[in-house]
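Coordinates in review
Spelled out from the first residue to the last, the chains are:
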Amino acid sequence: MLTACSKPEADEALSTGSEAGSSKDISLIFADIKANYIPLYGIMINCGAWNDAQEIPVYMYYAWYREYINSITEKDERIEKYSYDGIPGWSYPKDEFESFAWKYFNVDAEYLQSSDIYNEELQIYSCEGGRAMADYTMELQSPEDITLDNDLTYVKIYCKNSYESKRFCLVLDISAEPYRFISCLDEPI
């Protein structure tokens, strides 16, 4: 059994994608994760290590969704779609916000709605100032930083900011599209 981002022992059944005829090509998985999932995970790296998606504070899901929306829309569109009179910050409709979170994380509605940023009356998630800013930059360096274990993929990511460098192991379930974030584990440098 693999722990964190450990490389498999020789006798462990593991698909590395490098064998001829392998159903999982590690170079394609590497390219997909590097291009799509590392940028998508983005601001969530500020949460550090977590084993259960419900360990992530709801305001971080809000900040994560805000970063995503900001990357795909223009400000005028956001003002039209996500502004509510008298409510500071962007306000995301419950169904839209929750379905996006569920798409990538195993988190339930009850947990999300238990947060003070959820407004049950208006059915929106709203957070003045967003409460979180991107702090780390992340890099997936090479296909050797990926270990496949059936449907789970262990991805070593290098993170740095102005005062420290860290390595995390991001665990994704790649059994279906889109991939889902399962956990983020501490990985010693």
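For clarity, every value in this text was computed on a predicted model and none was experimentally measured.

The next point concerns the overall build of the protein chain. Along the protein chain, the regular secondary structure elements total 5 helices and 8 strands. Helices and strands in the protein chain line up, N terminus first, as α-α-α-β-α-α-β-β-β-β-β-β-β. The proportion of buried residues among the 189 residues of the protein chain is 43%. For the protein chain, the proportion of contacts with a sequence separation of at least 24, taken over those separated by at least 6, is 58%. Approximately 10000 Å² of the protein chain is accessible, and the part contributed by carbon and sulfur atoms is 48%.

Next up on the list: the environment of L170. Along the chain, L170 turns up in strand β7 (residues 165–173). On the basis of relative accessible area, L170 is assigned to the buried category, the value being 0%. It is 9.4 Å that separates the C-alpha atoms of L170 and Y41, two residues lying 129 residues apart in sequence. If near-sequence neighbours (up to four positions away) are discounted, L170 is found in contact with I38, Y41, T153, Y154, V155, I157, F181, S183 and C184.

The residue S91 is located in strand β1 (residues 91–93) in this model. Take S91: its relative accessible area is 0%, and that puts it in the buried class. If we skip the residues at most four places from it in the chain, S91 touches Y82, Y84, I124, Y125 and S126.

Next up on the list: the pattern of salt bridges. Following the criterion strictly, the structure yields 5 salt bridges and no others. With a closest N to O distance of 3.8 Å, E98 and K94 form a salt bridge. Taken together, the positions of E98 and K94, both in helix α4 (residues 94–104) and 4 residues apart, correspond to about one turn of that helix. When the shortest N-O distance is used, the salt bridge between R167 and D145 registers 3.2 Å. With R167 in strand β7 and D145 in the loop between β4 (137–139) and β5 (146–149), this pair connects stretches of sequence that are 22 residues apart. Judged on exposure class, the residue R167 and its partner D145 are both buried.

Time to look at a negative patch on the surface. Taken together, E74, D76, E77 and E80 make up a surface patch of like negative charges. Here E80 is to be found in helix α3 (residues 75–82).

All right, on to the sheet that holds β1 then. Pairing is antiparallel in the open sheet, where 3 strands are placed in the order β1-β3-β2. Each edge of the open sheet is held by one strand with a lone partner, namely β1 and β2 (118–119). Bridge count for β2 against strand β3 (residues 124–126) is 2 bridges, and the pairing is antiparallel. Within β3, the residue paired with N119 across the bridge is I124. Each of β1 and β3 touches helix α2 (residues 58–72); the most contacted strand, β1, lies at about 90° to it.

This structure, assessed with the given rule, holds 0 disulfides. The thiol of C184 is unpaired, and the distance to the nearest cysteine sulfur, on C159, comes to 7.1 Å. Residue classification places C184 among the buried residues on the basis of a relative accessible area of 0%.

Turning next to the confidence of the model for the protein chain. The predicted coordinates of low-pLDDT regions are not to be read in fine detail. Taken over all residues, the pLDDT of the protein chain has a mean of 84, while the share at 70 or more is 83%. Predicted confidence is poor over residues 1–22, with pLDDT under 50, and the contacts of this stretch with residues over four places away or in other chains come to 39 contacts.

Let us look at α2. Each α-helix winds once per 3.6 residues, and so residues spaced three or four apart point in a common direction. Taking 1.5 Å of rise per residue, the 15 residues of α2 would be expected to cover 21 Å, and the 21 Å separating its terminal C-alpha atoms lies within 8% of that figure. The set of residues buried in α2 consists of V58, M60, Y61, Y62, A63, W64, Y65, R66 and I69.

Conventions adopted
Counting from 1, residues in each chain are numbered in the order their sequence is written. At least 70 in pLDDT is required for a residue's local features to be given in this predicted model, at least 80 for side-chain atom pairs to be given and counted, and no such filter applies to totals for whole chains, interfaces and linings, which use all residues. Hydrogens and water molecules were not included; the side-chain quantities draw on all heavy atoms of the structure. A run of H or I in DSSP becomes a helix once it reaches four residues, and a run of E becomes a strand once it reaches two; helices and strands are each numbered from the N terminus. Exposed residues in this analysis have more than 50% of their type's maximum accessible area, buried residues have under 20%, and partly exposed residues fall in between, with area computed by a 1.4 Å probe over protein chains only. We call two residues in contact when some of their heavy atoms are within 4.5 Å. Only the protein chains shown count as cover for residues, and all accessible areas are computed by the Shrake-Rupley method using a 1.4 Å probe. Any Lys or Arg side-chain nitrogen found within 4 Å of a carboxyl oxygen on Asp or Glu counts as a salt bridge. A residue counts toward a patch only above 30% relative accessible area and without a salt bridge, and it is joined to like-charged neighbours within 9 Å or, for Val, Leu, Ile, Met, Phe, Trp and Tyr, to nonpolar neighbours within 5 Å. Within this scheme the basic residues Lys and Arg register as positive and the acidic residues Asp and Glu register as negative, but His and the chain ends are omitted. Every charge is mapped onto a representative atom, which is NZ of Lys, CZ of Arg, CG of Asp or CD of Glu. When DSSP finds two or more bridges between a pair of strands, those strands are recorded as paired. For every element, the axis is a line fit to its C-alpha atoms; helices are fit only across the contacting stretch, and the angle between N-to-C directions ranges from 0 to 180 degrees. For this text, the term disulfide refers to a pair of cysteine sulfurs within 2.5 Å. Confidence of the predictor at the level of single residues is given by pLDDT, which spans 0 to 100. An expected span of 1.5 Å times one less than the residue number is assigned to each helix.

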